[in-house]
Every structure is written in structure tokens, then in C-alpha cells.
Amino acid sequence: MQVFTHIKSTAIPLPIEDVDTDQIIPARFLKATTRAGFGENLFRDWRFDQNDQKKDGFVLNNPTYQGEILIAGKNFGCGSSREHAAWALMDYGFKVVVSSFFADIFKGNALNNGLLTIVIPPTFLNAIFEAIEENPKATFTVSLKEQFIQIDSSGKKAVFDINPYKKTCLLKGYDDIDYLLSRKEAIEAFESQQIIF
């Protein structure tokens, strides 16, 4: 995984509640065995019509909005437990997803794959949506080390919680195997002290 410490970026607003994993990446696109290529079908049925033409009304098809941060409505990632939803978001180019609530399995899958999920109060989420509406080029700073997201134009911040283990893995670019390997000497030292009967 890539190391994640902080990011400053514009953001793409998706103020829709209860976005499920089948809307994020439809089941018919889950045939690949590698993580690459899922981004082209992110929100496929919202981005394209039946003739594979882009729909003008969907935010990802609007060049006004750019960025590596997705600002989502409440209960993002509900539905099935497919890990491909996190893969699709990352392959498209997102590094952070912000919401007032995530489905637990989606949140776990995202963090396991290096996609930072940030839970903030609904009032601050609305403030972010308002900042983007006022200026689509508004930037936001996310610090994983200090655990905050900031609306750069106003300086307003919201702190967020994250599992300490997942935070360590993101800061160091570790997956679970990498983390265990980083603790190899400590594990071997512990094993050498065990009494074998």
C-alpha cells in the first residue's frame, strides 16, 4: 500500500444518502481477479446510460468538480460486503472518502486497502458541501497524523477517530502482512522465550 500522511485537495460532492456497494460498483463488473481497472466502472449506472454515453447530470461527469476526496452522504457503502467497492474508488483516484456514517464492512475494507474513511458530524459535513457549492475549487486538508479535516478557506476543522492499528498501517503503507513482517524480530524473540513441553 502507499504511505498516507496528509493530503490537500479539491473535493467531489456526492450528497446522496444510503449509497450501497452495488451502486458504487455493480455486480456484473466483479469478474476480474486483480484490483486494477475497477475505476472505469465506478458508479457505472449513474455515470453512463444504456448506450454507454456519459450522463450530463452526474457529478463525476462534470469537469467543474475534481479532486482526490469524495464527500458523501450518510450511510455510504451499505449493502453487500464486496471489497471491490473500495478498489473501484481507489482505482478512480480517490484517496479519502468523507461522510457522517459508513457501513462497518465497507469502512473496514477501505482502510485495509489504503483508502482513508473519515467520519465527521453532520453539521460539518453540510459545511463542506456548502463550501464546495460556493466554490468548486475550494481545497480541503486532511492530516492523518493529527486526525483532522480542514476547510481551507475558513480554517474550520473537524477531528476524526481512527483505529490506532489502521492508522499505523496507513502511515507506514503497510497491509496486515507487512505489519507482521515489521514485527518479525519481536515475534521471534517472544517465541524463543516460550517453553516447549
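Residues numbered from 1 in each chain as written. Predicted model: local features only at pLDDT ≥ 70, side-chain atom pairs only at ≥ 80, totals over all residues. Heavy atoms only, no water.

S.K.: Describe the sheet that holds strand β6 (residues 140-143), and please don't skip the residues or the numbers.
M.R.: Taken together, the four strands give an open sheet; going across it, the order is β1-β6-β7-β8, and neighbouring strands pair in antiparallel fashion. Here the strands that pair on one side only, and so sit at the sheet edges, are β1 (6-9) and β8 (156-159). Mean inter-strand twist for the sheet, computed between neighbouring axes without regard to direction, equals 15°. Note that strand β7 (residues 148-151) and β8 share four bridges and pair antiparallel. (Pairing = 2+ DSSP bridges. Helix = DSSP H or I, 4+ residues; strand = E, 2+ residues; numbered from the N terminus. Axes fitted to C-alpha atoms, helices over the stretch in contact; angles between N-to-C directions.)

S.K.: Account for the layout of surface pockets, naming residues and giving values.
M.R.: Here the largest pocket is characterised by a volume of approximately 380 Å³. Surrounding the largest pocket, 18 residues form its lining, Gln2, Met90, Phe94, Lys95 and Gly114 being those nearest its centre. Of the residues forming the lining of the largest pocket, the biggest block, three residues, is contributed by helix α3 (residues 84-92). Residue composition of the lining of the largest pocket, by class: eight nonpolar, six polar and four charged. Computed from the structure, the second largest pocket encloses a volume of approximately 160 Å³. Around the second largest pocket, the lining residues are Ala127, Glu130, Ala131, Glu134, Asn135, Ala138, Ile151, Ser153, Ser154 and Lys156. The class makeup of the residues in the lining of the second largest pocket is four nonpolar, three polar and three charged. (1 Å grid on protein atoms, 1.4 Å probe; cavity = no way out; pocket = protein on both sides within 12 Å on 5 of 7 lines; lining within 4 Å. Points joined across faces, edges and corners; volume = space filled by probe spheres on them. Nonpolar A, V, L, I, M, F, W, Y, C, P; charged D, E, K, R; others polar.)

S.K.: Describe in detail the pattern of salt bridges, supporting the description with residues and values.
M.R.: Following the criterion strictly, the structure yields four salt bridges and no others. Two residues, arginine 44 and aspartate 52, come together in a salt bridge whose shortest N-O distance is 2.7 Å. Residue classification places arginine 44 among the buried positions, given a relative accessible area of 15%. Its salt-bridge partner being lysine 95, residue glutamate 68 comes within 3.4 Å of it at the nearest N-O pair. Note that glutamate 68 is positioned in the loop between α2 (44-47) and β3 (69-72) and lysine 95 in the loop between α3 and β4 (96-99), a separation of 27 residues in sequence. (Salt bridge = Lys/Arg side-chain N within 4 Å of Asp/Glu carboxyl O. Buried < 20%, exposed > 50% of the residue type's maximum accessible area, 1.4 Å probe, protein only.)

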